[in-house]
Amino acid sequence: MEQVLDIPSQEAITKDNAGVRIDAAAFYQVLDAARARYEVSSLDEALITLTMTNIRTVVGSMDLDQLLSHRDEINERLLRVMDAAASPWGVKVTRIEIRDILPPADIVGAMNRQMKAEREKRAAVLEADGMRQAEILRAEGLKQAQILAAEGRKEAAFRDAEARERSAQAEAQATALVSEAISKGDIQAANFLIAERYTDALKAIASAPNSKVVIVPIEAAALAGTVGGIAQLTRAVFGDDAVEARRTGSVPPTGRSGV
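Everything numeric here is computed off the predicted structure, so don't read it as measured data.

A. Examining the environment of I74 more closely. Examined against the element boundaries, I74 turns out to sit in helix α4 (residues 71-86). Spatially, the C-alpha atoms of I74 and V59 are 8.1 Å apart, while their sequence positions differ by 15 residues. With residues up to four places along the chain from it excluded, the contact list for I74 reads V58, M62, L67, I98 and I101.

Written out as structure tokens, the structure is:
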């Protein structure tokens, strides 16, 4: 039947000079009762002494960190040594179990501080990485916004240029029609062009933000006559549709040019 030995707690020194207290238990079976009785005077005492000696040997060959993290390796090494040493006594050592490893209180405190510092370091690294990623994403967003704004300005400039080009084409077409009428001896076309420039000049003077005095014809009837004359000239040169288009601000039909 398998027997259990309680190995007394003992102090041992690790390879890096750290003192630890170790508790263990040993399990064995007697295979040859005669040898177990006559080859050793006290089997249990011999096994306890042998186990404690080998525990100190194994602990002295390992660092504290290795001792705390490789308990299975310690059990295996002790089992091989104990089984070989107890074999002449007719005993089979089946297991050696390290129940507890207790470092000194100051070492435990230092280990706790080290663990806390390591966790704080990882937290700081993660926080810094998160901030870096946030800044990168914010910069990417700003970059995309600037690109879109630039594309919008480009499109707006293109549309403005297109509108100015069409306006210039319409103005050129109107000027060409007036010039053609003048070349054919139609003096009303010239009068129309002069009258148009006259009214445009009055409008520019009146709408200027720094204007204090606006010069207009002395008689209101003269101004009305000027406007009426422009309408008659427009009707004579371009027809009734052009007069209506100028009054409403719409573009004249195709074949006629709005001014």
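B. Representation of the side chain of Q10 in the model. With respect to the element layout, Q10 can be found in strand β1 (residues 3-13). A polar contact of 3.1 Å, which involves the side chain of Q10, links it to the backbone oxygen of M52. Leave out the neighbours within four places in its chain, and Q10 touches V20, R21, I22, M52, I55 and R56.

C. Structural detail: the side chain of N75. By secondary structure assignment, the location of N75 is in helix α4. Residue N75 is classed as buried on the basis of its relative accessible area, which comes to 10%. Setting aside chain neighbours within four positions, we find N75 in contact with I96, E97 and I98.

D. Spatial organisation of helix α2 (residues 43-60). For α2, spanning 18 residues, the distance from its first C-alpha to its last is 26 Å, which sits close to the expected 26 Å at 1.5 Å a residue. Among the residues of α2, those classed as buried are L43, A46, L47, T51, M52, N54, I55, V58 and V59. Tucked inside the fold, the buried residues of α2 contact β1, β2 (19-30), α1 (33-38), α3 (64-69), α4 and β3 (91-102).

E. Up close: α4. With 16 residues, α4 extends 22 Å from end C-alpha to end C-alpha; this agrees with the ideal 22 Å at 1.5 Å per step. Buried within α4 are the following residues: I74, N75, L78, M82 and A86. Relative to the axis of α4, the buried residues are bounded by an arc of 95° and lie together on one face. In α4, those exposed residues whose orientation departs by more than 90 degrees from the buried face are D72, R80 and A84. Looking at the buried positions of α4, the neighbouring elements they touch are α2, α3 and β3.

F. Main features of the sheet that holds β3. Here three strands make up an open sheet; going across it, the order is β1-β2-β3 and the pairing antiparallel. Of all the strands in the sheet, just β1 and β3 have a single pairing partner and so form its edges. Averaged over all pairs of adjacent strands, the angle between strand axes in this sheet comes to 20°, irrespective of strand direction. Across ten bridges, the pairing between β2 and β3 is antiparallel. Opposite A24, over in β3, you have I98 as the bridge partner. Relative to β1, α2 is tilted by about 35°, and along the sheet it contacts β1, β2 and β3.

G. Geometry of the packing of α2 against α4. Contact geometry for α2 and α4: axes closest at 10 Å, N-to-C directions at 140°. With respect to α4, the axis of α2 lies oblique. As α2 runs across α4, the sense of the crossing is right-handed. Two secondary-structure elements touch here, α2 through L47, L50, T51, N54, I55 and V58 and α4 through I74, R77, L78, V81, M82, A85 and A86. Class assignment for the residues of the contact of α2 with α4 results in ten nonpolar, two polar and one charged.

Cut-offs and rules
Residues numbered from 1 in each chain as written. Predicted model: local features only at pLDDT ≥ 70, side-chain atom pairs only at ≥ 80, totals over all residues. Heavy atoms only, no water. Helix = DSSP H or I, 4+ residues; strand = E, 2+ residues; numbered from the N terminus. Contact = heavy atoms within 4.5 Å. Polar contact = N/O pair within 3.5 Å; in protein donor to acceptor, adjacent residues only side chain to side chain. Buried < 20%, exposed > 50% of the residue type's maximum accessible area, 1.4 Å probe, protein only. Expected span 1.5 Å × (residues − 1). Arc of directions from axis to C-beta. Pairing = 2+ DSSP bridges. Axes fitted to C-alpha atoms, helices over the stretch in contact; angles between N-to-C directions. Parallel < 35°, antiparallel > 145°, perpendicular 65-115°, else oblique. Left-handed = near helix turned anticlockwise from the far one by under 90°. Nonpolar A, V, L, I, M, F, W, Y, C, P; charged D, E, K, R; others polar.

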